[in-house]
Structure formats: structure tokens, C-alpha cells
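Architecture and fold: a report
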Amino acid sequence: MKKIIFLIIPFVLTSCFFSSNNNNDEVEKAKQEILWNEVSNNRVNNSVSTWTEEQTAENSPVEEIKPSYNISQVSEWDPLIEIDDLSWKDFYSWEVVITWKTKWYVDKINVSFSNKTSTYPSDLYDLKQFKSGDSTFRYVASSNFQTLDFWLNEYIFTAYSSWVITKINVEINLPEKIVKNDTTYKNIENLGDLSLPSSNEYWDPSLLSDSTIIYSNINNFYLRKDNVENIKCDTLTDYLTEVYNYSYWNTCRDIVKDKSIWYYVLRLEWDNYKYEKHYINYEKWLYWVLLLEEWTWVTSQMLQDKNNELKQQTFDQVLLVDKLFKEIK
């Protein structure tokens, strides 16, 4: 006689949560000090995992996001330049500084950009600040300059030395962040579908891509869609540590409680500082940036004093953008 044995195997789902509460003012003060890029190679991975761990519902998985890059030699000659490591870069910051070293004497360098899936035009740019014989230099791939967008961005660095010409290809692939069944985010998946204020003060919003908009009457300003849920005043230092090499912030304030905030950021980009006002709209997943001031030949040691100085200043263009921000419905 055959016996039928039913085995019931219980499955136990466990969740582990880690929380910490550090009330030590000295620790927070130290975190506000100059932010080294020794945050390590986990910066990109951390950015990705923060997004992919967000679940809108029990059965609403987030598509896996894996930004990637590839550096390859195009020409037969040994390359005249060597591209520096990109593994620690946060590609979703929408501003990627590509640096390199020259291996031989180089007379000039140009960079071509193309992205077949983007509305950005192809671009060929001569590095005018590069001087014959320089040993290092940089190129800024940025959504502001229309040289960095979702999906495959291709850059060809061409170096010239006497009669020798060599080419290096750099590819940066940025999969678009898509959340399944998240109606809040999908409603503004294309910023062209978002109703934005328009007037003689601001003029009309101009769509640079599905994720970035500028206003023609507001200089040095853009807005983009982004995952802004975890950008809060009480965790702002941690966030800025992930996206910038050196930065200070000041005056983080609620615009509408639990719906929007703004804050000021002073950050070092190479030897230039940029002082900006950032705006966050949690309801519509919007991130605004207004550049207020920039200057050259600034060192990291100067930033703290400069931050204190700029904190006391007022900027006329802030009033216009503040007004615009409050009109978003």
C-alpha cells in the first residue's frame, strides 16, 4: 500500500533593518567638512541600490539599473593619452568630469559626442584651454551642455602630436530609471507633459530632453525629474557626499512642509567653485538648480570661508525662481 506523504515546508520571510541615531554635534560638524572623493567606488553602486530598493507596492518591482562605461582604443598607434578611472563617478549626477594624462607630447585634443537615442545634437569640441605640451586635462560631460543623456553616450578623444593622431573611445551607458506601477513618477515621465508656468517674466519652458527643462529668461537655471524622495534637510550632508567631491551647504528650509524644500550648495569643480540654490519638489519628483555665482582658482581650503561669506549675500535672480517654484501646480 502506497502512502502519500504531504510535506509542508514553511517559508519565513525576514527583514533586517539598520538604524542609527547619532546625536553627536561634533560628528555632524565633521561631516560638513570638505567631502573627499574617498567615498570610494561604491558611490555609483550605492546610488543604484538606493533606487532599486524602493518598492511602490508588494508586487511592484523596480527595474534593475546598472550604469556602465567602457574605454577602448580606436587607432592602431599607441594612445597619446590615458583616460583616468571612471568607476567612482556618479553618472546620474548628470555632470561627469572625464580626466586624463598625456603619455607623450600632445599638441591638441578634440572630443566628439554622440547619442543616437537622444535629442541632443552630435558635437565636436576643440579643447581650447588645452595648451601644447600640457600633461593633464579634463572634459565635462553634462546634461547642461547637452553632452550627457540617458542610454549610450559615445565620446571619441582625438589627440594630435606632430604627424601622429590617436583616438580613444569612451562609452557611458545610463539606463533610464523606470519604476513599474508608480503612477506618481510615470505621470511626469516626460517633462513635456508637465504643466509649467509661462509668462513674460520667465518666458516659455524649453525641453532639452525628456528629463531636463530650462527657461529662456532665467540664466543658469534648469529643472529635471529625479528620485528626490531621500533628499532631506537632516540627511543633506550624506547626500552631497555621494554626488560631489567637495561641497558645503547652508540654509536648508521647507517651502511647503513635507512637500518641498530649498537649500544652498557651494561646491568645488576642478579649480572652479559654483554656488547654487537647489529646489526639491517631492510631489512631482522635480529637482531644480539655479547657479548664482562661480569663480576660478579656488582651493578646497577656501570653501568654508567662502560658504560663510556667500551665505550673507542676496541674489536678485533667486526671487524670480522662488516665485516660479511656488507657481508649480
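Residues numbered from 1 in each chain as written. Predicted model: local features only at pLDDT ≥ 70, side-chain atom pairs only at ≥ 80, totals over all residues. Heavy atoms only, no water.

1. Observations concerning the packing of aromatic side chains
Applicable threshold: Only the six-membered ring of Trp is used, alongside the rings of Phe and Tyr, when aromatic pairs are assigned; centres must lie within 6.5 Å, and planes under 30 degrees apart are stacked while those over 60 apart are edge-to-face, with the rest tilted. For helices the rule is a DSSP run of H or I covering at least 4 residues; for strands it is a run of E covering at least 2, with both sets numbered from the N terminus onward. Only protein chains enter the accessibility calculation, which uses a 1.4 Å probe. A residue is then buried if its area is under 20% of the maximum for its type, exposed if over 50%, and partly exposed in between. Two thresholds decide whether a charge sits over a ring: the Lys NZ or Arg CZ must be within 6 Å of the ring centre and within 35 degrees of the ring normal.
Counting across every chain of the model gives 17 aromatic pairs. Aromatic side chains Trp77 and Trp163 sit 5.3 Å apart centroid to centroid with 80 degrees between the ring planes, which places their arrangement in the edge-to-face category. In this pair, Trp77 sits in the loop between strand 1 (68-73) and strand 2 (81-83) while Trp163 sits in the loop between strand 7 (151-161) and strand 8 (164-174), placing the two residues 86 residues apart along the sequence. What makes Trp77 partly exposed here is its relative accessible area of 46%. Taken together, a centroid distance of 5.1 Å and an interplanar angle of 70 degrees make the contact between Trp100 and Phe157 edge-to-face. A residue pair is termed long-range when its members are at least 10 positions apart, and Trp100 in strand 3 (residues 95-102) and Phe157 in strand 7 qualify at 57 residues. Residue classification places Trp100 among the buried positions, given a relative accessible area of 1%. Taken together, the ring pairs in this structure connect Trp100, Phe113, Phe130, Phe137, Tyr139, Tyr155 and Phe157 into an aromatic cluster. One residue, Lys108, lies across the ring of Tyr160, its end atom 4.8 Å from the ring centre.

2. Considering the sheet that holds strand 5 (residues 123-126)
Note the cut-off: Here a strand pair is declared whenever DSSP counts at least two bridges between the two strands. Only the stretch in contact is used when fitting a helix axis, every axis being a line fitted to C-alpha atoms; angles between N-to-C directions are given from 0 to 180 degrees.
Pairing within the open sheet is antiparallel, and its five strands lie in the order 1-8-7-4-5. Of all the strands in the sheet, just strand 1 and strand 5 have a single pairing partner and so form its edges. Ignoring which end each strand starts from, the neighbouring axes of this sheet average 15 degrees apart. The pairing of strand 4 (residues 108-114) with strand 5 spans four bridges and is antiparallel. Residue Asn110 lies in a different strand from strand 5, and its bridge partner there is Asp126.

3. Some thoughts on the nonpolar core
For soluble globular proteins, the rule of thumb is that nonpolar side chains tend to be buried together. So the rule is basically this: Residues belong to one nonpolar core when they are buried, are Ala, Val, Leu, Ile, Met, Phe, Trp, Tyr or Cys, and are joined through side-chain atoms within 4.5 Å. We call two residues in contact when some of their heavy atoms are within 4.5 Å.
Core analysis: the largest hydrophobic core is formed by 30 residues, its most contacted members being Tyr139, Tyr155 and Phe157. Among the secondary structure elements, those contributing two or more residues to this core are strand 2, strand 3, strand 4, strand 6 (136-142), strand 7 and strand 8. For this core, the leading source of residues is strand 8, giving five residues. The residues touching Phe157, leaving out its near neighbours within four places in the chain, are Ile81, Ile83, Ile98, Trp100, Asn110, Val111, Tyr139, Thr166, Lys167, Ile168 and Val170. Counting 28 residues, the second-largest nonpolar core is a separate cluster that includes Leu196, Ile213, Trp288 and Leu324.

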